[in-house]
Structures are given as C-alpha cells and as structure tokens.
Amino acid sequence: MDFNVIGKSVIRVDGLAKVTGKAIYPQDIYMDNMLFGKTLRSSVPHAYFTLDTSKAEKIEGVVKIFTAKDVPGHNSHGVLFKDHEVLCEKKVRRIGDPIAFVVAVSEKIAAEAIEAIEVKYEEIPAVFDPVEAMKDEIKVHDGKSNIIYHYKLRKGNIEEGFAQSDVIVENVYNTSMVEHAFLQPEAGVSYVEDDGTIVVCAATQYPHFDQLEIAEAMGVPAEKVKVINPAVGGAFGGREDITLQIHLAMAAVYTGRPVKAVYSREESFYAHSKRHPEIIKIKTGANKEGKLLALEAEIIADTGAYASWAINVTRKSGIHVTGPYVIPNVKVDAYAVYTNNPFCGAMRGFGATQVPIATEQQMDILAEKLNISPVEIRLKNAFTKGSQTANGQTLTDSVPLVDCITKAAKAIGMF
Amino acid sequence: MKTISLKVNGKPYTVEVEEDMRLLDLLRDKLGFTGVKEGCAEGECGACSVIMDGNLVTSCLVMAFQADGKEIITIEGLQSEDGTLHPIQQAFLDEGAVQCGFCTPAMVLAAKALLDKNPNPTDEQIKEGISGNLCRCTGYAKIVSAVKKAAEYLNQGGK
Amino acid sequence: MKKRGKGIACIFYGTGYGNGFPDVSRAYAELQPDGKVAIYTGATEVGQGAKTALSQIPAEVLGLSVDDIIFINEDTSITPDAGTAAATRQTYNTGNAIKMAAEELRNELIKIAVKELELNSDIGLKMKDGKIFLEIYPDKCITFSQIAAMQEEPLRKFAVFTAQTVQIDPETGQGAPYWPYTFSACAVEVEVDTETGKVEVIRGAHAQDVGRAVNPTLIEGQMDGGFAMAMGYVIYEDLGLENGKIWNNKLSSYIIPTSMDMPEIQNIIVEDPENTAPYGAKGIGEPVMISVGPAILNAIYDAVGVRMTEIPVTPAKLLKAIREKEQKEA
Ligand code: FES
Ligand code: FES
C-alpha cells in the first residue's frame, strides 16, 4: 500500500507552541481576581482525626477553609470503587490523605493558614505489609476485606506439567513501588461561567471522566461541568485519578472567583498514584528440549490505601505473567490488597511491567540449566501467529515476536 | 520591598520585588514569562533555567533581587519578531526532541548556553551540557541529536 | 573490576481496557469553510504524540496534509468522549473512530462531487489536496471549500469504535482479555563495577512491534523514553518507603535518569499490520518500557553471576549480592 501521510515522520503539531514556550500548562493560567488554594494532608498513615480551623480562619486574606462537610455532593471519587474521599471526614488511611483545602488571596497566606490548622490525630494500628494485610486483622476500609481482587487462571493440569518437566525453577521476586515523576506537577484553575457552568482546567488523562467525578461530588448534572485539558506535562498513568479537580471546583463555586492551585514536587509525590509493588512467587518447568511445560505463579499486589486501578492492574499481571510463550499447563493466582501505604494505580505498563521482572529471569535460569542460550529458549516457546495464550485466546494476526527477538539479539551480538 | 532594574530578552524592566521572591516568581507571576517552568523548586530538574549574563541558572535558586542589573534570556526571547524560530528551536522540532514539552523551554536554553560557548560540541559534551535538565519523556536521545543539528544550523548561519 | 554482560528479554502486551469492558472511542470529522477538516475527539495529548498521529490518520483518508487537519481535543463541552489516554489504546481505538468518521466524510464528499460535477458514477474520482477531480479529465474538479460553501449546516460525520474483548471466566481465567497484543524484545549490554556495585548500561537494541508505523520519529521517541524509564525502574528509582512514608519525595533524592546515564540505543521498528487497526497501527506507549528492565537484570547476571530478584538493583544491594557469591565460592 502506498501512503501519503501514514509512515511519515510529520513534525508534531503541538511542537511549535512547546519550543516557543507558548504552550499553556495549567500553572500558566493567570486570571483577574484569582484566589489560591492549598491542601492540608495527613501526616500519619492510619488515624481518626479532628480539626480546629478557627485560628487559621482568622488570618487576614484567608477566604475559606473547606473540610469534608463542605463537599456539596458525594464526598467520594475513584476510578473503580469510590473509595477516596474528596476531603477525609474523620479517618485517614495513608500519609498524604487530603483533609482540608484552604483558599486565600495569595499562595503565601494559604500556606500560612495550612500551618495554623490544628489537627488532632488518634492513631490506630496500621498495616504496611500486604501479606500481613491479607489476614484482615487490621482493616484499611471499615467492614471490607483488604483483599479486593483475586485473579484465577487454571489451564491444563499443573501437577502433570511439573511431573513431566526435566528442569524446574522456583523463585520469589519483589518489585518496587515507583513514581511517575512527570515533569509538570499537578496544577489547575477553576472558575464559574455566567450560566453557572463550572469550568475546571487541569492536566488529566481523561477529561470526560473527570467531568463525571466533579459533577457527582458537586451534586450537579454533568452538563454543568466543563473540563479544559490544556498542555499536559507528561502523565504515564499518574493523571488518571482525581487530585485537585474537585477541590478547585468547590472553591470556585463557593467564592465565585477563579481559584488556582499548584502542587509542589513533594506534594505531587503524595497526591497521585504509584506503581503497584508486587511479590511474585513463580515456578517454571521445561523439558530437556527447552519446551515450557508448566508455570505456576502467585502474585500479591499492594495497592496501598485506595483501589484506583488495582483490579485491572492485578488482572493484567496475572495474564502477562506467562510471558509471551505457549505453555500447556498454567496456574495463576493474583491478589490485590489494601494497606496503609501510598495508593497505587496506573503506571506505564499497568501490571504487565512488573511480572516480566520474574518471568524473564526464570527463562534465563532455565536456559542455563538446559545449556541452551537465552535466545534459543525464547524462540522455542515464543508466540507465533495462531498460538493460544494461557487464557485460551487465539492470536490470529500480527504476532511478530520472533522477528523482534532475533532482530534485538542480532543487533547486540547475542544471535 | 526593593526596586530592581533588569533586562529580560533585551527589554528593560524596573520592578518592586519582595525580599523572599525568587527570580522564577518574578519572571512568571510578575512579568508573565510563563515559558519558565517550575518542576522541583530545589535546583534539580532544570525546568526553570534561564540565561543570566550568559550563564545558565536555575531561577528557582536565584532571588529576584540578585537579578538587579542583569540581562536575562528566557525562551520567549529566542523567536524573532517575524516569527522565525531560533535555529535551536527549529532543530528541536526537526529532530523530534519534544514530547510533553515541559522541559523543552529550559532544554533549548541549556543548548543555547552550551552552543554559545562551544559551537561544535561532541555528543558527550552535549550530554554534559544538558545534564542539569531532567526530561522524563524523551530519554534524551533526540534532544542530543537536536543540539547537534542546531550546531550545524548555527554554523551554516541559521536555518 | 569492571565486568560486562549481555541480556535479552521479550514480552507481549495486551492493549485497551480489556476483559469485556466496553472500550469505546468517538470522534467527529467536520468540513470547515476553508476546506480544512476539523476532528473533534476527547483523546488527550499527554506528550505521547496523540494529536499528531491521530491527525495523520484522517489526513491520509481525505488526501490532505496534516496542516489541513484541525485537531480539537481540549474541551469536554465540544468533544465526544474518547476514553482515557492510557492502556496504549488511543492510536488503535480513537484512531479507528477517527478513521471511520473521516471515511464517512469522504464518502459524502464524493457523493456531492458526483452530483455537482454531473458525473455518472464515482469511478476514477480522486481526492487530493482539498480537491476532488476526475483523473482522466481533471477539468471535472470541485474543491472542499466549494462544497463547504454549498452547505447550510457544516458537513459533520460521527463515528464510534468499540474494541472487542471477552470477559474471562472468574474460576479458570478463560476468555479473550485483550486485543490486539503488541510484542517487543530488548537486548542490552551492561558493565558492572564489582568494587561499587554500580551498573552502567553500555548499549541497547530495542525491537518493537508497531503493527504499522504511523510516525516513526514519534515511535522512536517513545522507545527512547520507555528505555530510560525502565532503567530508572530497575536500577535507580527508590521511594525510600517506610511505614507509609515516602522519604525520597524530591527529585534530589528520587533519582531518575539524566542525559549522562543514557546509552546508545538502537531502535528497531518491526511492522506487521494488524487487520483490525487503523492502517494496521497498534499502540506502543506502554510496551516500549517493559522488556528493557528484565533485559538489564539478565545482563547483570551474565556480567557478575548474581540473580537480582528484587528491584531496584541499587549499588549497595548488588555489591552485597556479589560479596555473598564470592564468599560462597571461596
Ligand atoms: S524548578 Fe528550578 S531546578 Fe527545578
Ligand atoms: S518532553 Fe516531557 S519532560 Fe521532556
């Protein structure tokens, strides 16, 4: 097929604005009569708390201090479960939970007011180890098991698979919680248009979903909310959950003035999700020829205090832990677990990034035992057109894995 | 409050600044040069870099009053009035060195500070020249080739 | 001592929301008075290049250049919902929706041209640079702007694309949880300093299946960025998490790769068009980071003979592992 535009390295259409510094990120929006908002966040991981805002309210230039009772609609949000509170009402579940939002005439005064709010914490036992959390002795969300998802895969006969294997390798791998570190910290501006439409400008990965979340928390129909998504300074999954959007909307509606908030880098680390750390227990078996016969895995994903995308991430881990290989006998159990750690959600690769840390090292260990090369063992088992995944899905089209393996290997002198 | 005079992109300004105001805030909040970005406020990310008297500085670590009598160049000062891009800007576009763009204004300035002093840098020197500027999107490869290309354009008398 | 080693890893990656969840993208294609075409869709540009790649698709359909596509995606009140800029789904999902909308607009334009040019059929009609003309007799020609001027309401076409997946069985996991899958492999060479435990990635070769490359420079940019992020993941980045507290919540203590850390990377774009994708193009935003990490870990083993089962492989951890191995051998 001959193309005119497809396949051409056309210069990016947003490039000109970006190289000239004219691209507008939310922090670059300045409006007349604008107020500034700052968030007070919990400093302890698990506690009941009370707030005394009286001193802070008296500071000149403080316009309003919002707490849970000021949320007009549902005091909740979340991409899967509505388990986040817009502002925590009486309990915090992690360090960094938002508990108050101060609006003042300047950023400096807002910061001063944050310091002046008195928070009394009554700390309760917290759980940070997901294995411990699975026992449900300490519950992160009242009346709810910490285990929020269990992915199960059963294919073939796992005992027979291992019985037929000439080599078996078993290990436990631990992956870490990490941060998106997009270069543009969260920022936003909200204002109300003449007809009452609430406008929120913020960098987000899904403006139409933010619109719904804002509307529900504000108790207004979705048509009354407009989300403007200006230039976004990187995302990588870290801008899928609500951060400051609802706080700003509340403040704009209450004050009738534009309200802006910009997170510091330190606050940004706490404000958005992280990558789920996973404990991956994995056992892989192959025959003398290097054909994979069995794979058994147990994955525990720590989602921290909130679910965010935990279920989908964990499912994705469970599905991808086989690696891109044909394996006749597979058993996988993957769990998503609440703890009092920072909450985890989407990050580039979404569960499929964690598991190859285990799977792909297993392949090399097997290869060494079998005295074949890492490239050879992969080629022997790689998906090709027509292969079936462990989920029973047929790969009908566009499966150039062997091509990828041989090209990469050749380029580095491994093949 | 203190009154200072400085030049930004060739234009003189006399402004009142608070003692604790950073050059970054002066440029963004007071003078409207929002191409200067804040990414960390501790001199680590380089997104707030501007050129002050010929040297690349992180404007989050410079106090506004320290800019008294200085000449500052921000990204807004690079494009000609007729809209022609500076060769470095053009090279960033041509080489695909821009993604989210948040690091870009400062990267372009870092490249300028480097090329002003060293018109024919090696790859290693380019990497060093931009090493104070973090980019989370590009993995730097295309930025390095853009700076190389920019050197070419500049040595040919601009593109 | 400095020791070198090589490692490889390969992966598959299921794109889209998956698991039977309705994965829907919507778009409008609208003819403008000046003959340009506006695309309205809710797909976000986060830096990945969505605005550009998703402009190339309708440009191809309509015989226009990218300059003639006006891409509008910033405002929920005027754009239809196109799902998240996530799950590596925009090129495939929203790309399909935009392609369908652009094709409908194309068909409509052709129909109008046949009528206005008083032709018997659309055979031999070409669409290029904002003109529709008969190749065998180019005087029979009408421009997009002429057609636009004839409309009372702007010509506007809407399309919805919904990806196909099948929810898995909760007990057995059987189903078709993602579609399409993307594949990649990465091979690297590292150098480990056995005195300090520091790992340096010397070079890398990264082969990524893209279905069809819409914009090779954008793809390479994603591959470079994914490589860097993976290096951070397996050898640098550490939140210093302790009892729920992030000690390294600054860029001075949370170390991400700088220009000085990056090796020479050979990006290999592998094309194998996917028949359900727009022009065969599959998404690549996430898979580009996945195989790099385990390739580095395998290379570390090849260099110094220790298996690092816990990431990040900080110098302290690696040094400890190397010393333990030496002791065992002694
Ligand atoms: S904001 Fe100044 S170096 Fe990061
Ligand atoms: S392009 Fe996004 S940080 Fe550099």
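Residues numbered from 1 in each chain as written. Chains lettered and ligands numbered in written order. Predicted model: local features only at pLDDT ≥ 70, side-chain atom pairs only at ≥ 80, totals over all residues. Heavy atoms only, no water.

Participant: Quick one: what's the story with the overall build of chain B, residue by residue and with numbers?
Facilitator: Helix and strand counts for chain B come out as five helices and five strands. Along chain B, from the amino end to the carboxyl end, the secondary structure elements read β-β-α-β-β-β-α-α-α-α. The C-alpha radius of gyration computed for chain B amounts to 15 Å, which stays within 12% of the reference 15 Å derived for 159 residues, consistent with globular compactness. Overall size of chain B, expressed as C-alpha extent along the three principal axes, is 45 × 30 × 25 Å. A separation threshold of at least 6 residues defines the contact pool for chain B, and within that pool the share at least 24 residues apart is 55%. Of the roughly 6100 Å² of accessible surface on chain B, 46% is carried by carbon and sulfur atoms. (Helix = DSSP H or I, 4+ residues; strand = E, 2+ residues; numbered from the N terminus. Rg over C-alpha atoms; globule rule 2.2 N^0.38 Å. Contact = heavy atoms within 4.5 Å. Areas by Shrake-Rupley, 256 points an atom, 1.4 Å probe, with all protein chains shown as cover.)

Participant: Could you give an account of the interface of chain A and chain C, with specific residues and numbers?
Facilitator: On the side of chain C, 117 residues touch chain A, which itself brings 104 residues to the contact. Each partner contributes to the roughly 9100 Å² buried at the junction of chain A and chain C, and carbon and sulfur atoms together form 60% of this total. Our enumeration of links across chain A and chain C arrives at three salt bridges. For Lys152 of chain A, the salt bridge identified is with Glu171 of chain C, shortest N-O distance 2.7 Å. The tally of links between chain A and chain C comes to 51 residue pairs in polar contact (both at pLDDT 80 or more). With nine residues, the top contributor of residues to the side of chain A that touches chain C is helix H12 (residues 401–412) of chain A. Of the residues in the side of chain A that touches chain C, the class split is 51 nonpolar, 28 polar and 25 charged. (Buried area = accessible area lost by both parts, 1.4 Å probe. Salt bridge = Lys/Arg side-chain N within 4 Å of Asp/Glu carboxyl O. Polar contact = N/O pair within 3.5 Å; in protein donor to acceptor, adjacent residues only side chain to side chain. Nonpolar A, V, L, I, M, F, W, Y, C, P; charged D, E, K, R; others polar.)

Participant: Help me get a handle on the side chain of Glu286 of chain C, residues and values and all.
Facilitator: Position of Glu286 of chain C relative to the elements: it lies in the loop between strand S13 (264–271) and helix H5 (292–304). Buried charge without a partner: Glu286 of chain C forms no salt bridge, and the closest opposite charge is Lys316 of chain A, 5.0 Å away. Among the polar contacts listed, one links the side chain of Glu286 of chain C to the backbone nitrogen of Ala87 of chain C, at a separation of 3.3 Å. Apart from the residues lying within four places of it in its own chain, the contact partners of Glu286 of chain C are Met347, Arg348, Gly349 and Phe350 of chain A together with Tyr13, Ala86, Ala87 and Thr88 of chain C. (Buried < 20%, exposed > 50% of the residue type's maximum accessible area, 1.4 Å probe, protein only. Lys, Arg positive; Asp, Glu negative; His and termini not counted.)

Participant: A description of the interface of chain C and chain B should follow, citing residues and the corresponding values.
Facilitator: Quite often, the size of an interface is put as the accessible area lost when its parts meet. Taken together, the 20 residues of chain C in the interface contact 22 residues of chain B. Counting the surface chain C buries against chain B, the share from its top three residues, Leu251, Ser259 and Met260 of chain C, is 31%. The interface formed by chain C and chain B contains two salt bridges. On the surface where chain C and chain B come into contact, there are nine residue pairs in polar contact (both at pLDDT 80 or more). When grouped by side-chain class, the residues that make up the side of chain C that touches chain B number eight nonpolar, eight polar and four charged.

Participant: Kindly report on the domain arrangement of chain C, identifying the contributing residues and their values.
Facilitator: Residue and element names in this part refer to chain C. Taken domain by domain, chain C comprises domain 1 (2–14 + 178–329) and domain 2 (24–161). Once you take the C-alpha centre of each, domain 1 and domain 2 turn out to be 39 Å apart. Tallying the contact residues gives 18 residues for domain 1 and 17 residues for domain 2. The junction of domain 1 with domain 2 conceals about 1300 Å² of combined surface from both sides, 63% of it contributed by carbon and sulfur atoms. Broken down residue by residue, the surface that domain 1 buries against domain 2 is led by Val214, Pro278 and Tyr279, which jointly contribute 43%. (Domains from an automatic or database assignment.)

Participant: For the pattern of salt bridges, give the residues involved together with the corresponding values.
Facilitator: Summed over all chains, the structure comprises 51 salt bridges over all chains. Of the charged contacts in the structure, one is a salt bridge between Glu267 of chain A and Arg41 of chain A, with a shortest N-O distance of 2.8 Å. Of this pair, Glu267 of chain A sits in helix H8 (residues 265–271) while Arg41 of chain A sits in strand S1 (residues 35–41), placing them 226 residues apart in sequence. Glu267 of chain A gets classed as buried once you look at its relative accessible area, which sits at 14%. As a salt-bridge pair, Lys126 of chain C and Glu135 of chain C come within 3.4 Å of each other at their nearest N and O atoms. Looking at Lys126 of chain C, the relative accessible area reads 35%, which means it is partly exposed. Within this structure, Arg12, Asp14 and Lys18 of chain A together with Glu45 of chain C form a network of salt bridges that share partners.

Participant: Explain the domain arrangement of chain B to me, using residue names and the numbers behind them.
Facilitator: Residues and elements named next belong to chain B. As far as domains go, chain B holds domain 1 (2–75) and domain 2 (87–155). The interface is formed by 17 residues belonging to domain 1 together with 13 residues belonging to domain 2. Taking both partners together, domain 1 and domain 2 bury about 1200 Å²; carbon and sulfur atoms supply 68% of that area. Seen at the junction of domain 1 and domain 2, the total is zero salt bridges. Between domain 1 and domain 2 we count three residue pairs in polar contact (both at pLDDT 80 or more) in total. Of all the elements in the fold, those that place two or more residues in the side of domain 1 that touches domain 2 are strand S3 (49–52) and strand S4 (55–58). Residue classes in the side of domain 1 that touches domain 2 are distributed as seven nonpolar, seven polar and three charged.

Participant: Can you explain helix H1 (residues 50–62) of chain C? Please cite residues and give values.
Facilitator: Residues and elements named next belong to chain C. Over its 13 residues, H1 extends 19 Å from the first C-alpha to the last, a length consistent with the 18 Å expected when each residue adds 1.5 Å. Buried residues dominate H1, accounting for 13 of its 13 residues. Gly63 sits one or two residues past H1 and shows a positive phi near 65°. (Expected span 1.5 Å × (residues − 1).)

Participant: Any chance you could break down the sheet that holds strand S2 (residues 47–52) of chain A for me, citing the residues and the numbers?
Facilitator: In space, the three strands of this open sheet follow the order S4-S2-S6 (chain A), with antiparallel pairing throughout. Each edge of the open sheet carries a strand with a single partner, namely strand S4 (91–92) and strand S6 (118–123) of chain A. (Pairing = 2+ DSSP bridges.)

Participant: Describe the pairing of strand S4 (residues 69–72) of chain C, and please don't skip the residues or the numbers.
Facilitator: Residue and element names in this part refer to chain C. Sheet topology note: the strand S3 (residues 37–40)/S4 ladder contains four bridges and is parallel. Bridge pairing in S4 places Val37 opposite Ile69. At this point the chain moves from S3, through H1, to the parallel S4, and the crossover so formed is right-handed. (Right-handed = clockwise from strand over helix to strand, strands pointing away.)

Participant: If you had to explain the sheet that holds strand S2 (residues 24–31) of chain C to someone new, which residues and values would you point to?
Facilitator: Sheets are built from strands that pair by backbone hydrogen bonding, the pairs being arranged parallel or antiparallel. Residues and elements named next belong to chain C. If you trace the four strands from one edge of the open sheet to the other, you get S4-S3-S2-S8, paired in mixed fashion. Looking at strand neighbours, the two that pair on one side only are S4 and strand S8 (156–162), the edges of this open sheet. Across the sheet, the axes of successive neighbouring strands diverge by a mean angle of 20°, strand direction being ignored. Note: S2 against S3, four bridges, orientation antiparallel. What sits directly across from Glu30, in S3, is Ala38. Of the strands in this sheet, S3 and S4 are in contact with H1, which crosses S4 at around 140°. The sheet contacts of helix H2 (residues 90–116) involve S2, S3, S4 and S8, and relative to S2 the element is tilted by about 35°. (Axes fitted to C-alpha atoms, helices over the stretch in contact; angles between N-to-C directions.)

Participant: Explain the environment of Asp142 of chain A residue by residue, including any values.
Facilitator: Along the chain, the position of Asp142 of chain A falls in the loop between helix H4 (130–133) and strand S7 (147–155). Residue contacts for Asp142 of chain A: discarding those within four places in its chain leaves Tyr48 and Lys91 of chain A.

Participant: I'd like a description of the packing of helix H2 (residues 87–95) of chain B against helix H3 (residues 104–117) of chain B, backed by residues and values.
Facilitator: All names here are of chain B. At their nearest, the axes of H2 and H3 sit 10 Å apart, and the two run at 125° to each other. When the axis of H2 is compared with that of H3, the two are oblique. Handedness of the crossing formed by H2 with H3: right-handed. Taking contact as the criterion, the partners of Ile88, Gln89 and Phe92 in H2 are, on H3, Thr104, Met107, Val108, Ala111, Lys112 and Leu115. In terms of residue class, the contact of H2 with H3 is built from six nonpolar, two polar and one charged. (Parallel < 35°, antiparallel > 145°, perpendicular 65-115°, else oblique. Left-handed = near helix turned anticlockwise from the far one by under 90°.)

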